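Report on the structure
Residues per chain are reported as follows:
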Amino acid sequence: MKKILLAVVTLALFAALVACGGGSGGNEAAQGQDGDGRVLEALPPLTTAPIHLRFAMWDDIDHNQWLADRFTDHHPNITISVEHFGGTGVYHSNLLAEAAAGNMPDLWGKLEISTPIVNGWFYDFSDFWFNDPDVEHYLEHLRPQGVIDGRAIMVVTEHLPAVVYVDRAVFNRLNVPMPRFDWTYEEMLSLIEHMTRPDMGIFGYNFFVAPVTIAPIAKIGGYAEFGWDGNNLNMRGPWADALNWMANARRLGWEAQYGSAEWEALTGDAFMWPGTSGRVAMQLDAFWTMSNIYLRDHYRIERGLDMIPYTMPTSEGAPNNNKIAWLDFAAISAGTRHPREAYEVLKWMSFLPQAWMYRIQDFPVRIREDGEPYYLMPNHVPTTNCPDVMEAFFGILPIAPGDTFMEEAWRAFLRLSTEPVTWGGRVLPGFDQWVHEIYHNGEFNGVIGIEAAVFDGLADAHDFAADLEASFRPFYDSMMAEFRMWMGPPRN
């Protein structure tokens, strides 16, 4: 079966190259025009001398090394080592240590934006980026998210959409029709209330991705967490409504409350995670939860979970189809000796169609040391807009034979996930510091943290929304001053 799959993917690879272009990097085309008719200058040629590049990452090291080796197949003089710099908890600390020792990698994955800004790690590759026709293969909605002050400084290497897992088993048990795939935010909230059945021990929802994050994107089309509009946060309206709604949902029992005596009586375990209990209609969570939990036999067969992936909904009449997602960026080091070659590797590891077809080859066949599949499904979705890549990607998703509803669900999920926006700390300078100092540790009517104050019934989110908005701006401006100290004034 795997040999057949590889043959199909290999054939699709050549079809994708014909349909989408975006080959093996090294774009040195003569001066031409982009899709908007803008004149492009030819990029400098790649070196023919032997060079070695280092790429720091925190996960998927073997898969990414395999992909980097495919770049070397096309450019034998350029070798790449993908290096593990520890998990997310220590990754930036390890990068700081390498930088202090004068050993900064040529390229590096990024978890948050402020540390690289303060330490001057970013290389401005605008002269390549804005003259490169290959950028046309990058998902259009992602292109501006790696640009600050008109300077291209980072590219999304992994797109992990947030997911609403709708338990088909619970809906069938309650004889409630499954929601439509292009549902609205308001329909989701209504279903949460409707699906809560105290007499049956069933709850409407549990969350890892909270409505306070979803609402400003779903309702007003924010371009990052908390309704960022390119100039400031927007916490009045949808954010405040959502936080008050969450407090009300908790009070009315729509949200599963593990850790309580009531939860222990229902499940036999006070700390059983609600998302695996079979008592939650919808789990608002991460893309990787499907592979890590919901495809595992213990949960799928023994516990009877039947989770269908739905995109985070938007509101009726919303100005766009923005969806919250984990966007993992990577960048080029300011001190690299080989910026032109590092730029081609950055494209290869993120969005070039040919590289994505190689990824699709590797996902189904990568095996752990114990002989089990490393990926029960791909752990992120393509960042390219190539239709043939998307079709090949769909072909390796976990769909049981004959399950036409799951097939429709995955097709809708991919179709509706092309306008991702992400968490504030990944793209908004100063956001992490503001969240820590003000949002989570500020005092609100005598309670530490705005969410805690609202959940305790001691604050109305609307009363603090305007002040929270205003309090972010100094953090942002201070970090942007740091950015301009290293990078210079805005290009635009």
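Predicted model only: the values in this text are computed from it and were never measured.

**A look at the packing of helix α18 (residues 431-439) against helix α20 (residues 461-487)**
The geometry of α18 relative to α20 is characterised by a closest axis approach of 9 Å and an angle of 140° between their N-to-C directions. Here α20 runs oblique to α18, going by the angle between their axes. The crossing of α18 and α20 is right-handed. In contact with Phe431, Gln433, Trp434, Glu437 and Ile438 of α18, α20 contributes Leu468, Ser471, Phe472, Phe475 and Met479. Residues that form the contact of α18 with α20 fall into these classes: seven nonpolar, two polar and one charged.

**With respect to unusual backbone geometry**
Even without being glycine, phenylalanine 226 reaches a positive phi, approximately 60°. Its location among the elements puts phenylalanine 226 in the loop between α8 (211-220) and α9 (238-252). A positive phi angle, near 55°, is found at asparagine 445, a position not held by glycine. Among the secondary structure elements, asparagine 445 is positioned in the loop between β15 (443-444) and β16 (447-448).

**What to know about helix α13 (residues 339-348)**
A large share of α13 lies buried, amounting to ten of its ten residues. Listing the buried residues of α13 in full gives Pro339, Arg340, Glu341, Ala342, Tyr343, Glu344, Val345, Leu346, Lys347 and Trp348.

**Topic: the packing of aromatic side chains**
In the structure shown here, the tally under the stated rule is 44 aromatic pairs. Centroid distance phenylalanine 85 to tyrosine 91: 6.4 Å. Interplanar angle 65°. Geometry classified as edge-to-face. Residue classification places phenylalanine 85 among the buried positions, given a relative accessible area of 7%. The exposure class of tyrosine 91 is buried, given its relative accessible area of 0%. Ring plane angle 45° and centroid distance 5.2 Å describe the contact between phenylalanine 181 and tyrosine 310, whose orientation is recorded as tilted. Placement of phenylalanine 181 in the loop between α6 (168-173) and α7 (185-194) and of tyrosine 310 in strand β12 (residues 307-311) is noted, with a sequence separation of 129 residues between them. The same class applies to phenylalanine 181 and to tyrosine 310, which are both buried. Stacked on the ring of tyrosine 374, the Lys or Arg arginine 368 has its end atom at 4.3 Å from the ring centre.

**Remarks on the pattern of salt bridges**
Evaluated as defined, the whole model comprises 23 salt bridges. The closest approach of N and O atoms between aspartate 127 and arginine 491, which form a salt bridge, is 3.4 Å. Of this pair, aspartate 127 sits in helix α5 (residues 126-129) while arginine 491 is found in the segment after α20, placing the two residues 364 residues apart along the sequence. A residue is classified by how much of its surface remains accessible, and aspartate 127, at 53% relative accessible area, is exposed. Judged by its relative accessible area of 42%, arginine 491 falls in the partly exposed class. Close ionic contact of glutamate 344 with lysine 347 constitutes a salt bridge, the shortest N to O distance being 3.0 Å. Residue glutamate 344 and its partner lysine 347 are both found in helix α13; the two are separated by three residues, about one turn of the helix. Take glutamate 344 and lysine 347: they sit in the same class, and that class is buried. Look at the salt bridges and you will find they share partners, linking Asp132, Asp134, Arg340, Glu344 and Lys347 into a network.

**Side note on the pairing of strand β4 (residues 78-84)**
Alignment of strand β3 (residues 51-57) against β4, held across seven bridges, turns out to be parallel. Residue pairing in the sheet places phenylalanine 55 in a bridge with valine 82 of β4. The parallel pair β3 and β4 is bridged by helix α2 (residues 61-74), and the resulting crossover is right-handed.

Rules of the game
Residues numbered from 1 in each chain as written. Predicted model: local features only at pLDDT ≥ 70, side-chain atom pairs only at ≥ 80, totals over all residues. Heavy atoms only, no water. Axes fitted to C-alpha atoms, helices over the stretch in contact; angles between N-to-C directions. Helix = DSSP H or I, 4+ residues; strand = E, 2+ residues; numbered from the N terminus. Parallel < 35°, antiparallel > 145°, perpendicular 65-115°, else oblique. Left-handed = near helix turned anticlockwise from the far one by under 90°. Contact = heavy atoms within 4.5 Å. Nonpolar A, V, L, I, M, F, W, Y, C, P; charged D, E, K, R; others polar. Buried < 20%, exposed > 50% of the residue type's maximum accessible area, 1.4 Å probe, protein only. Phe/Tyr/Trp six-rings, centres within 6.5 Å; stacked < 30°, edge-to-face > 60°. Lys NZ or Arg CZ within 6 Å of the ring centre and 35° of its normal. Salt bridge = Lys/Arg side-chain N within 4 Å of Asp/Glu carboxyl O. Pairing = 2+ DSSP bridges. Right-handed = clockwise from strand over helix to strand, strands pointing away.

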